[in-house]
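Structure assessment
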Amino acid sequence: MERLHTHVDSPYGTLTLVATDGVLSGLYMTDQRHRPPEEDFGHRDPAPFGEVISQLAAYFAGELTEFDVPLKLDGTPFQRTVWRELQQIPYGETRTYGELADNLGKPGASRAVGLANGKNPIGVIVPCHRVIGAGGSLTGYGGGLDRKRRLLAFEGGAASAGEDVLF
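These notes cover the structure that comes with them. This is a predicted model, so every value here is computed, not measured.

1. Some points on the overall build of the protein chain
Along its length, the protein chain carries 5 helices and 6 strands. Helices and strands appear in the protein chain in the N-to-C order β-β-β-β-α-α-β-α-α-β-α. The C-alpha radius of gyration of the protein chain comes to 15 Å, within 12% of the 15 Å expected for a compact globule of 167 residues. Counting only C-alpha atoms, the protein chain reaches 45 × 40 × 25 Å along its principal axes. Counting across all 167 residues of the protein chain, residues that qualify as buried make up 44%. Summarising the internal contacts of the protein chain: among those between residues at least 6 apart in sequence, 58% fall at separations of at least 24. Averaging the positions of the 16 positive and the 21 negative side-chain charges in the protein chain gives two centres separated by 8 Å.

Encoded structure:
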């Protein structure tokens, strides 16, 4: 198993991209909760990340709303199920933890969904920022609530509508 990583700038700070055997297996923000130690990321080499970097640039430019890059999501079967469900949330929309639990056929498992959501290893592309608390509250985000608020505002069109969104 070969692991490589690189760093890219974004409007939300530096992102660390990690590939396992050439496939994206991590996208971490600076100071992210549940971020593995840097030494687990392997050697620094931008080679396997060209398409990911291109799609991220298009996303942050407001030109891409759906990512199409291969992903290697390592986690428990339940976590992987939650992460697949996250990928079904359309750009600019949100779901509550309870709605995700219901969609998975596990009503009442909103806490477990929240824990799996928080351990998502590929932020932004697997859009865990699109999950909110009951009643619309912004709860929990490994990258920090400020980043979550800004990503949701960005996807909601606030930036393109000329509103003041601080990046």
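2. As for the packing of aromatic side chains
A ring pair, where both rings are aromatic, is described by two values, the distance of the centres and the angle of the planes. Taken as a whole and assessed by the stated rule, the structure comprises 6 aromatic pairs. Each ring, one from Tyr12 and one from Phe60, has its centre 5.6 Å from the other, and the planes form 45 degrees; the classification is tilted. Here Phe60 lies in helix H1 (residues 50-60) and Tyr12 lies in the loop between strand S1 (3-8) and strand S2 (15-20), a separation of 48 residues in the sequence. Neither residue differs from the other here; Tyr12 and Phe60 are each classed as buried.

3. Concerning unusual backbone geometry
Unusually for a residue other than glycine, Asp21 sits at a positive phi of about 50 degrees. Looking at the element boundaries, Asp21 is found in the loop between S2 and strand S3 (23-29). With a relative accessible area of 48%, Asp21 lands in the partly exposed category. Of note, Val124 is a non-glycine position whose phi angle comes to about 65 degrees, a positive value. One can find Val124 in the loop between helix H4 (110-118) and strand S6 (131-132). The exposure class of Val124 is buried, given its relative accessible area of 1%.

4. As for the sheet that holds strand S4 (residues 43-44)
Read across the open sheet, the 4 strands follow the order S3-S2-S1-S4; overall the sheet is mixed. Each of the sheet's edge strands pairs with one partner strand only, and the pair in question is S3 and S4. Where H1 meets the sheet, its contacts fall on S1, S2 and S3, and the angle it forms with S2 comes to roughly 145 degrees.

5. Concerning helix H2 (residues 77-86)
The α-helix advances 3.6 residues per turn, and as a result positions three or four apart in sequence lie on the same side. Taken as a whole, H2 has its buried residues at Gln79, Val82, Trp83, Glu85 and Leu86. Down the axis of H2, the sector holding all buried residues measures 155 degrees, keeping them to one side. Next to the buried residues of H2 lie helix H3 (97-103), H4 and S6.

6. Some points on the side chain of Ser10
As for its placement among the helices and strands, Ser10 is situated in the loop between S1 and S2. By relative accessible area, Ser10 is classed as buried at 16%. Within the structure, the side chain of Ser10 is placed 2.9 Å from the backbone nitrogen of Tyr12, a separation counted as a polar contact. A polar contact of 2.7 Å, which involves the side chain of Ser10, links it to the backbone oxygen of Gly13. Residues within four places of Ser10 in sequence aside, it is in contact with Leu15 and Phe60.

7. Side note on the nonpolar core
Within soluble globular proteins, side chains that are nonpolar generally end up buried alongside one another. Residues Leu17, Leu27, Leu56, Tyr59, Leu86, Val124 and Ile125 are the most contacted members of the largest nonpolar core, which totals 38 residues. Put simply, the parts of the chain that give this core at least two residues each are S2, S3, H1, H2, H3, H4 and helix H5 (145-155). A per-element tally of this core places H1 first, with 5 residues. Filtering out sequence-adjacent residues up to four positions away, Leu27 remains in contact with Leu15, Thr16, Leu17, Gln32, Leu56, Pro121, Ile122, Gly123, Val124 and Ile125.

Rules and cut-offs
Residues numbered from 1 in each chain as written. Predicted model: local features only at pLDDT ≥ 70, side-chain atom pairs only at ≥ 80, totals over all residues. Heavy atoms only, no water. Helix = DSSP H or I, 4+ residues; strand = E, 2+ residues; numbered from the N terminus. Rg over C-alpha atoms; globule rule 2.2 N^0.38 Å. Buried < 20%, exposed > 50% of the residue type's maximum accessible area, 1.4 Å probe, protein only. Contact = heavy atoms within 4.5 Å. Lys, Arg positive; Asp, Glu negative; His and termini not counted. Charge placed at Lys NZ, Arg CZ, Asp CG, Glu CD. Phe/Tyr/Trp six-rings, centres within 6.5 Å; stacked < 30°, edge-to-face > 60°. Pairing = 2+ DSSP bridges. Axes fitted to C-alpha atoms, helices over the stretch in contact; angles between N-to-C directions. Arc of directions from axis to C-beta. Polar contact = N/O pair within 3.5 Å; in protein donor to acceptor, adjacent residues only side chain to side chain. Core = buried A, V, L, I, M, F, W, Y, C linked by side-chain atoms within 4.5 Å.

These results come straight from atomic positions and should not be treated as a statement about function.
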